[in-house]
Amino acid sequence: MKKLLLVLLLCVSQLAAAKSVDVELKGPVTMASMWELKFKLRYHINSGDTVYLRIDSPGGVISAGEMFIAELKRLQKRGKVICDASGKVISMAMMIFINCKHRINTNPDAMMLHHNPLFGYTGYLNAPIMREFIRQLQEISEKADKHFLEVTKMDEDYMEYLRDTDKILTAKEMKLKAKCIFNFRKVRNKWRRVAGCQK
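Everything quoted here is computed from the prediction, not taken from an experiment.

(A) Geometry of the packing of aromatic side chains. Scanning the entire structure with this criterion turns up three aromatic pairs. Each ring, one from Phe-97 and one from Phe-182, has its centre 6.0 Å from the other, and the planes form 70 degrees; the classification is edge-to-face. In this pair, Phe-97 is assigned in helix H4 (residues 92-98) and Phe-182 in the loop between helix H7 (171-177) and strand E7 (184-187), connecting sequence segments 85 residues apart. Residues Phe-97 and Phe-182 agree in their burial class; the two are buried. The positively charged end of Lys-38 is found above the aromatic ring belonging to Phe-39, 5.6 Å away from the centroid. The cationic tip of Lys-177 hangs over the ring face of Tyr-158; the distance from NZ or CZ to the ring centre is 4.7 Å.

So, in structure tokens, the structure goes:
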């Protein structure tokens, strides 16, 4: 009986300790910023907190974003991360956003952009290296397009138009074009999942 009471007290204390916390992805996606963000999320998920990841970023380094997305997927198996399109959600920031299971929008004027990934080159590059870069870039682009369509349920022709023209939509406009870009809605001050959106 005492053991049962101790277990119950422990559960209650853990529930009381758990809370909602805001973590910001603000500014460019760099390896340094993603490492810092990764450890912040890991700390709060390990503490049992629900994390609101507020995104306001113009995008940045592909490898840094891919590293963070891999960590985000692992953490979402152990806890709840709710991504909020609160400002700029552009390029790599958009890829991070759509890799969240739970997506909301608290700013209807947030700027959102899905486009082809870009590489910059420095130093000497010979033809074989250039061809390999181009091959990798095409793979990343195809993977990004496929995942974007799966998550958002957007019309493919319209997605290609957005991607190829680098057209920025407000969150309000994006919501009209993508059936499931935001998969939560607010009901009585609580975010509830919208039926039909990918889990």
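(B) Fine view of the nonpolar core. Within the largest apolar cluster, 46 residues are counted, with the highest numbers of intra-cluster contacts made by Leu-41, Leu-53, Phe-97 and Met-112. Every residue in contact with Met-112, bar those within four places of it in the chain, is listed here: Ala-85, Val-89, Met-94, Phe-97, Lys-167, Ile-168, Leu-169, Ala-171, Met-174, Ile-181 and Phe-182.

(C) Representation of the packing of helix H2 (residues 31-46) against helix H3 (residues 62-76) in the model. At a minimum axis separation of 9 Å, H2 and H3 run at an interaxial angle of 10 degrees. On the basis of the axis angle, H2 is roughly parallel to H3. The segment H2 lies against H3, with Met-31, Met-34, Trp-35, Leu-37, Lys-38, Leu-41, Arg-42 and Ile-45 engaging Ser-63, Ala-64, Gly-65, Met-67, Phe-68, Glu-71, Leu-72 and Leu-75. Looking at side-chain class alone, the contact of H2 with H3 contains 11 nonpolar, two polar and three charged residues.

(D) Summary view of a positive patch on the surface. A surface patch of positive charge is lined by Lys-77, Lys-80, Lys-101 and Arg-193. Structurally, Lys-77 can be placed in the loop between H3 and strand E3 (81-90).

(E) Local environment of the pairing of strand E8 (residues 190-193). Two elements, E7 and E8, share four bridges in a ladder whose sense is antiparallel. The residue of E8 that forms the bridge with Val-187 is Lys-190. Between E7 and E8, which follow one another and run antiparallel, lie two residues, and Arg-188 among them has a positive phi close to 50 degrees.

(F) View of the environment of Leu-41. Within the element layout of this structure, Leu-41 appears in helix H2. Remark: the alpha-carbon pair of Leu-41 and Leu-75, spanning 34 residues in sequence, is separated by 7.9 Å. Those residues in contact with Leu-41 that sit more than four places away from it in its chain are Val-23, Val-51, Leu-53, Phe-68, Leu-72, Leu-75 and Val-81.

(G) Layout of the pattern of salt bridges. Scanning all chains against the criterion turns up 13 salt bridges. A salt bridge links Asp-22 to Arg-54; the shortest N-O distance between them is 3.2 Å. Here Asp-22, found in strand E1 (residues 20-26), pairs with Arg-54, found in strand E2 (residues 50-57); they are 32 residues apart in sequence, far enough to count as distant. Here Asp-56 ties to Lys-26 by a salt bridge, and the two come within 3.1 Å at their closest N and O atoms. Linking Asp-56 in strand E2 with Lys-26 in strand E1, this pair joins segments that are 30 residues apart in sequence. For Lys-26, a relative accessible area of 56% translates into the label exposed.

Parameters and conventions
- Residues numbered from 1 in each chain as written.
- Predicted model: local features only at pLDDT ≥ 70, side-chain atom pairs only at ≥ 80, totals over all residues.
- Heavy atoms only, no water.
- Phe/Tyr/Trp six-rings, centres within 6.5 Å; stacked < 30°, edge-to-face > 60°.
- Helix = DSSP H or I, 4+ residues; strand = E, 2+ residues; numbered from the N terminus.
- Buried < 20%, exposed > 50% of the residue type's maximum accessible area, 1.4 Å probe, protein only.
- Lys NZ or Arg CZ within 6 Å of the ring centre and 35° of its normal.
- Core = buried A, V, L, I, M, F, W, Y, C linked by side-chain atoms within 4.5 Å.
- Contact = heavy atoms within 4.5 Å.
- Axes fitted to C-alpha atoms, helices over the stretch in contact; angles between N-to-C directions.
- Parallel < 35°, antiparallel > 145°, perpendicular 65-115°, else oblique.
- Nonpolar A, V, L, I, M, F, W, Y, C, P; charged D, E, K, R; others polar.
- Patch = residues over 30% accessible without salt bridge, like charges linked within 9 Å, V, L, I, M, F, W, Y side chains within 5 Å.
- Areas by Shrake-Rupley, 256 points an atom, 1.4 Å probe, with all protein chains shown as cover.
- Salt bridge = Lys/Arg side-chain N within 4 Å of Asp/Glu carboxyl O.
- Lys, Arg positive; Asp, Glu negative; His and termini not counted.
- Charge placed at Lys NZ, Arg CZ, Asp CG, Glu CD.
- Pairing = 2+ DSSP bridges.

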